[in-house]
Amino acid sequence: MTHPSIVILTGAGISAESGLGTFRDEGGLWAQHRIEDVATPEGFARNPTLVVDFYNARRAQAHEAVPNAGHAALARLQAEHKGEVLLVTQNVDSLHEKAGGSDVVHMHGELASALCSNCGHRWTAPLHMEVGEACPTCAQPTARPDIVWFGEIPYHMERIEAALAQADIFAAIGTSGNVYPAAGFVQMARYVGARTVEMNLDPSQTVDLFEDTRPGKASETVPQWVDDVLNG
Ligand code: OAD
């Protein structure tokens, strides 16, 4: 296996050391906000101001954040590895891109993007979105944050599943394994015989499915793992 095909899944834990809060750790975002209120289509229909404000605050925070050594190591892997590397993230921040990552697959959407719920058009979100902003294409007041909410279908699943079907190595980094379909990727990778590695501070819900587990901070475990992969 000279140039293995690699699929990487990242979650909130990789951005934790850049100062962005995770969801389910103590004091995390889901301890401060109800998922039903800020991360569902029904919550948005009930109180769009609350939801737009929630993502405005997160966008402002993400805008200031700088990538850490974990993001940088993955960008280095993408640049230097001669085989395929698909970098899939559940994160809505742009820290992989800021670190120099290329072709980052945002399966849960992006803070940097706005979506028209009327015509499906996407455009660059302003730092501060207003409720009922007009879509630049259809002119309807139907702009929303381009975030995949609970009850909605994650983006780019065909591409991700195709890459998993060819994977020789699957790595999950900084994700608790609570949210499907992402939490099921390790099963798909195992099915095709890929080597599986988890890098997480605490063991995830699916830790038993990984053959290699590397506990610790992403800023330390990820550069080490990238060195291991690049050195064969
Ligand atoms: P979680 O908050 O569920 O899990 C974050 C994981 O990162 C935990 O298992 C921590 O142990 C780990 N962690 C924390 N700090 C770390 C560090 N410095 N280095 C390495 N690991 C660290 O976040 P996700 O699994 O990403 O979806 O959550 C998945 C999805 O649930 C999110 O994309 C979001 C959320 O609801 C939507 O909003 C649709």
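Owing to the predicted nature of the structure, the values given are computational and were not obtained by experimental measurement.

Draft legend 1. Quick peek at the sheet that holds strand E8 (residues 195-200). Sheet architecture is open: six strands sit in the order E3-E2-E1-E7-E8-E9, paired in parallel fashion. If you trace the sheet from one side to the other, it starts and ends with strand E3 (105-106) and strand E9 (212-215), each paired once. Summarising the sheet, E8 and E9 pair through four bridges and their orientation is parallel. Note that in E9 the partner of Val197 across the bridge is Asp212. Where helix H10 (residues 218-230) meets the sheet, its contacts fall on strand E1 (6-10), strand E7 (169-173), E8 and E9, and the angle it forms with E9 comes to roughly 140°.

Draft legend 2. Structural view of the pairing of E8. Counting buried residues along E8, five of its six residues qualify, which places the element largely inside the surrounding structure. The pairing of E7 with E8 spans five bridges and is parallel. In the strand pairing of E8, Ile169 is matched with Arg195. Crossover handedness for the path E7 to helix H9 (residues 185-191) to E8: right-handed.

Draft legend 3. A look at the environment of Gln224. You can see Gln224 is positioned in helix H10. Judged by its relative accessible area of 43%, Gln224 falls in the partly exposed class. For the pair Gln224 and Gly70, spaced 154 residues apart in sequence, the C-alpha to C-alpha distance is 9.5 Å.

Draft legend 4. View of the pairing of E7. Taken across its five residues, E7 has five buried, putting it largely inside the fold. Of the two faces of E7, the one lined by Ile169, Ala171 and Ile173 and the one lined by Phe170 and Ala172 are each fully buried.

Draft legend 5. Looking closely at the site of the ligand. Looking at the ligand, there are 24 residues lining it, with Ala12, Phe23, Arg24, Thr175 and Ser176 nearest. One of the backbone nitrogen or oxygen atoms of Ala12 is found 2.8 Å away from an oxygen atom of the ligand. Expressed as a share of its isolated accessible area of 800 Å², the protein-covered part of the ligand is 95%. In terms of residue class, the shell around the ligand is built from nine nonpolar, ten polar and five charged. No fewer than three residues from each of domain 1 (1-20 + 67-108 + 154-232) and domain 2 (21-64 + 113-147) sit in the shell around the ligand.

Draft legend 6. Here's a closer look at the domain arrangement of the protein chain. Taken domain by domain, the protein chain consists of domain 1 (1-20 + 67-108 + 154-232) and domain 2 (21-64 + 113-147). One C-alpha centre belongs to domain 1, the other to domain 2; they are set 25 Å apart. Where domain 1 packs against domain 2, one counts zero salt bridges. Linking domain 1 to domain 2 there are five residue pairs in polar contact (both at pLDDT 80 or more). In the side of domain 1 that touches domain 2, the residues fall into six nonpolar, five polar and three charged.

How each quantity is defined
Residues numbered from 1 in each chain as written. Predicted model: local features only at pLDDT ≥ 70, side-chain atom pairs only at ≥ 80, totals over all residues. Heavy atoms only, no water. Pairing = 2+ DSSP bridges. Helix = DSSP H or I, 4+ residues; strand = E, 2+ residues; numbered from the N terminus. Contact = heavy atoms within 4.5 Å. Axes fitted to C-alpha atoms, helices over the stretch in contact; angles between N-to-C directions. Buried < 20%, exposed > 50% of the residue type's maximum accessible area, 1.4 Å probe, protein only. Right-handed = clockwise from strand over helix to strand, strands pointing away. Near = heavy atom within 4 Å. Polar contact = N/O pair within 3.5 Å; in protein donor to acceptor, adjacent residues only side chain to side chain. Areas by Shrake-Rupley, 256 points an atom, 1.4 Å probe, with all protein chains shown as cover. Nonpolar A, V, L, I, M, F, W, Y, C, P; charged D, E, K, R; others polar. Domains from an automatic or database assignment. Salt bridge = Lys/Arg side-chain N within 4 Å of Asp/Glu carboxyl O.

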